[in-house]
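Remarks on the overall topology
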Amino acid sequence: MAKAFKETLNSGKFVVTSEIGPPKGTNLEKLIHHIDLLKDKVDALNVTDNQSSVMRFPSLGTCLLIKERGGEPILQMTCRDRNRMALEADLLFAYTRGIKNVLCLTGDFITIGDHKEARAVFDLDSLQLLHMVRILQSGKDLGGNELDGAVEFCAGATVTPEANPIEPQLIKFEKKVQAGAEFFQTQAIYDLDNFKKFMKYVRGLDKNIKILAGIVLLASAGMAKYMNENTPGVFVPQVLIDEMATAEKGKRVQKGIEIAGRLIRQIKEEAICDGVHIMAIGREEVVPDILAAGGL
Amino acid sequence: MIVAERKPLEDIREMIAGYKKILIVGCGTCVTICWAGGEKEVAVLSSQLRLASKKDGNELEILEATIERQCEKELVEALKDKVQQVEAVLSMGCGAGVQPIAEIFPDMPVYPALNTTFVGMPEGEGVWVETCRACGDCFLDKTGGICPIVRCAKGLLNGPCGGTNNGKCEIDSEKDCAWTLIYRRLEQQGRLDAMRKYYPPRNFQAVIRPGKVETLPA
């Protein structure tokens, strides 16, 4: 049995989480392989929720699989596809099946995904979802009704340290802290000088806020440039793009692993934050290599 | 004001296929201002339809009329003489204009020539933007007069998502991030505390649809 994530967070160890992306369809072979590959190598596994607004096998179902196979799942929940009643019901179910961690997200907008004409729900936002978890925990629902049996979750949230402009993002971050977010997983970070400034601000706010730095595997110089131009809140410094460009074809992912490993090592050695959240985005297979490169 | 866009000519032709005499009704208020369904647009659509029908070897007779407001029954009733002469009516009003015509002339098929898009305002020459969702629970006091319900793609109440892209929205780099605008406005007014507050989930039933308001003149 995996250790409860809440305990890991409070143990003072360098926390390592990674991410599993469910398949489009019912063939779970690869998914189960990824779960088995990673479940004992990280402290917890996030499962994305219709990531990038692309319909997939559910986060909740995947979390159950992780649980069954002895891992510690973090249920990612977005507000895009379900109203407050559906979100509440899913949390009641998740709790009864031993899923004790939830990451509260707003969710990408519908039109970037593969059901472009679907109705976007957004009955709640990420902050209201976080509050909702706490309300369910108090034994009530969002309608103010008593629950026969409450929930208990280790609830986390996200923050984008490279957001531009940063001030409104930080105001929302502080609201998430006040709402009792127990951990934060950040958007991808590559520039550790910038990240250190962000962490200085966080530590000044409250020393107990747990921040896991988002590490996204670079697969090519092209991907890095693409993210700089198209992914909000992601900044890959030119030196890393140049470094990726030096890798020959066939060795680019290896170079990306090396860079990710280096970032992780520096974050850990300098105790910049409390841990890392590794996102290989479709390359779950190489997460063990990233962990090794990071000395974890 | 209500903003609308004309449907593609082919869609309109499909709706009125088979009729030999129709009435096109313009509206003199919102859709005149947004260049979608005023007197001029009625004349343009009329000639396009005539031309297209002629090309196909069909005769289409078209009457034209533009009234001040299609959403007022008294004004719509004045169309009676013309309506009696035709087989169908093509309304160039918004959806709230089409329906009174259909209600007052229940025997007459009434078709919409416009797609009603939103409640908004002009942003520049020929550009209109949505500014009000008619949610029934105005939030503008908390956001410096900039509505996040309608101007943020996700309608967020508690600040920006992670998709702010250099002050623009992640889903459309031409559109401003509403929360960047709100932040700047509140900062300018020294009212950032309003943004630091937690706002609970919206009451999506503030207006029970279809909405109905009963009131007396002041």
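So, the interface of chain B and chain A
Contacts between the two partners involve 30 residues from chain B, matched on the other side by 30 residues from chain A. For the pair chain B and chain A, the interface holds 1 salt bridge. We note a salt bridge from Arg196 of chain B to Glu174 of chain A, for which the minimum N-O separation is 3.7 Å. Our count for the contact surface shared by chain B and chain A stands at 13 residue pairs in polar contact (both at pLDDT 80 or more). Only α8 (178-188) and α9 (193-196) of chain B provide two or more residues apiece to the side of chain B that touches chain A. Looking at which element gives the most residues to the side of chain B that touches chain A, the answer is α8 of chain B, with 4 residues.

Examining the pattern of salt bridges
Residue and element names in this part refer to chain A. For the structure shown, the criterion picks out 29 salt bridges over all chains. Between Asp43 and Lys13 there is a salt bridge, with the nearest N and O atoms lying 2.6 Å from each other. With Asp43 in the loop between α2 (29-38) and β2 (44-47) and Lys13 in the loop between α1 (5-10) and β1 (15-20), the pair connects residues that are 30 residues apart, well separated along the chain. Ionic pairing is found between Asp81 and Arg80, a salt bridge with its closest N-O pair at 2.8 Å. In this structure, a network of salt bridges that share partners links the residues Glu243, Lys255, Glu258 and Arg262.

Re the packing of aromatic side chains
One pass over the full model with this rule turns up 11 aromatic pairs over all chains. A centroid spacing of 6.1 Å and a plane angle of 45 degrees characterise the contact between Phe198 of chain A and Tyr201 of chain A, whose relative ring orientation is tilted. One end of the pair, Phe198 of chain A, and the other, Tyr201 of chain A, are both in helix α7 (residues 192-205), 3 residues apart, so they sit about a helical turn from each other. On the basis of relative accessible area, Phe198 of chain A is assigned to the buried category, the value being 5%. Summarising the aromatic geometry, the rings of Phe139 of chain B and Tyr199 of chain B are spaced 5.1 Å apart at their centres and angled 75 degrees between planes, so their arrangement reads as edge-to-face. Here Phe139 of chain B is found in the loop between β7 (127-132) and α7 (148-151), whereas its partner Tyr199 of chain B is found in the segment after α9, with 60 residues between them in sequence. Assigned by exposure class, Phe139 of chain B and Tyr199 of chain B land together as buried. An aromatic cluster is defined as three or more aromatic residues linked by ring pairs; in this entry it consists of Phe173, Phe184, Phe195, Phe198 and Tyr201 of chain A.

Concerning unusual backbone geometry
Cis geometry is adopted by the peptide bond preceding Pro165 of chain A, which originates at Asn164 of chain A and carries an omega value of 0 degrees. Following the sequence through the fold, Pro165 of chain A ends up in the loop between β5 (154-159) and α6 (167-178). Pro210 of chain B follows Arg209 of chain B through a cis peptide bond whose omega is -5 degrees. Looking at where Pro210 of chain B falls in the secondary structure, it is placed in the segment after α9. In this structure, Phe122 of chain A takes a positive phi of about 45 degrees despite not being glycine. Residue position: Phe122 of chain A is located in the loop between β4 (101-105) and α5 (126-137).

Some thoughts on the state of the cysteines
All names here are of chain A. The tally for this structure, following the rule as stated, stands at 0 disulfides over all chains. Looking at Cys79, it has no disulfide partner, and the nearest cysteine sulfur is the one in Cys104, 7.7 Å off. Residue classification places Cys79 among the buried residues on the basis of a relative accessible area of 0%. Here Cys273 is not cross-linked by a disulfide; its sulfur's nearest cysteine counterpart is in Cys154, at 16 Å.

Some remarks on helix α10 (residues 252-269) of chain A
Residues and elements named next belong to chain A. For α10, with 18 residues, the first-to-last C-alpha span of 26 Å sits near the 26 Å given by 1.5 Å per residue. When α10 is considered as a whole, its buried residues turn out to be Lys255, Gly256, Ile257, Ile259, Ala260, Gly261, Leu263, Ile264 and Ile267. Where α10 is buried, its residues touch α7, β7 (211-216), α9 (238-246), β8 (275-279) and α11 (287-293). Residue Ala271 follows α10 closely and has a positive phi angle near 45 degrees.

Section: the sheet that holds strand β1 (residues 2-6) of chain B
Residues and elements named next belong to chain B. Taken together, the 3 strands give an open sheet; going across it, the order is β1-β6-β7, and neighbouring strands pair in antiparallel fashion. Edge positions in the open sheet fall to β1 and β7, since each of these has one partner strand only. In this sheet, neighbouring strand axes are inclined to one another by 70 degrees on average, regardless of whether the strands run parallel or antiparallel. In this structure, strand β6 (residues 114-124) lies alongside β7, joined through 5 bridges in antiparallel fashion. Following the sheet pairing, Gly120 is matched in β7 by Glu130.

Some details on the packing of α2 of chain A against helix α3 (residues 59-68) of chain A
Residue and element names in this part refer to chain A. Contact geometry for α2 and α3: axes closest at 10 Å, N-to-C directions at 50 degrees. The orientation of α2 with respect to α3, classified from their angle, is oblique. Regarding α2 and α3, the two cross each other, and that crossing is right-handed. Residues Leu31, Ile32 and Ile35 of α2 lie in contact with α3, whose contacting residues are Thr62, Leu65 and Ile66. Taken together, the residues of the contact of α2 with α3 sort by class into 5 nonpolar, 1 polar and no charged.

About the criteria used
- Residues numbered from 1 in each chain as written.
- Chains lettered and ligands numbered in written order.
- Predicted model: local features only at pLDDT ≥ 70, side-chain atom pairs only at ≥ 80, totals over all residues.
- Heavy atoms only, no water.
- Contact = heavy atoms within 4.5 Å.
- Salt bridge = Lys/Arg side-chain N within 4 Å of Asp/Glu carboxyl O.
- Polar contact = N/O pair within 3.5 Å; in protein donor to acceptor, adjacent residues only side chain to side chain.
- Helix = DSSP H or I, 4+ residues; strand = E, 2+ residues; numbered from the N terminus.
- Phe/Tyr/Trp six-rings, centres within 6.5 Å; stacked < 30°, edge-to-face > 60°.
- Buried < 20%, exposed > 50% of the residue type's maximum accessible area, 1.4 Å probe, protein only.
- Disulfide = S-S within 2.5 Å.
- Expected span 1.5 Å × (residues − 1).
- Pairing = 2+ DSSP bridges.
- Axes fitted to C-alpha atoms, helices over the stretch in contact; angles between N-to-C directions.
- Parallel < 35°, antiparallel > 145°, perpendicular 65-115°, else oblique.
- Left-handed = near helix turned anticlockwise from the far one by under 90°.
- Nonpolar A, V, L, I, M, F, W, Y, C, P; charged D, E, K, R; others polar.

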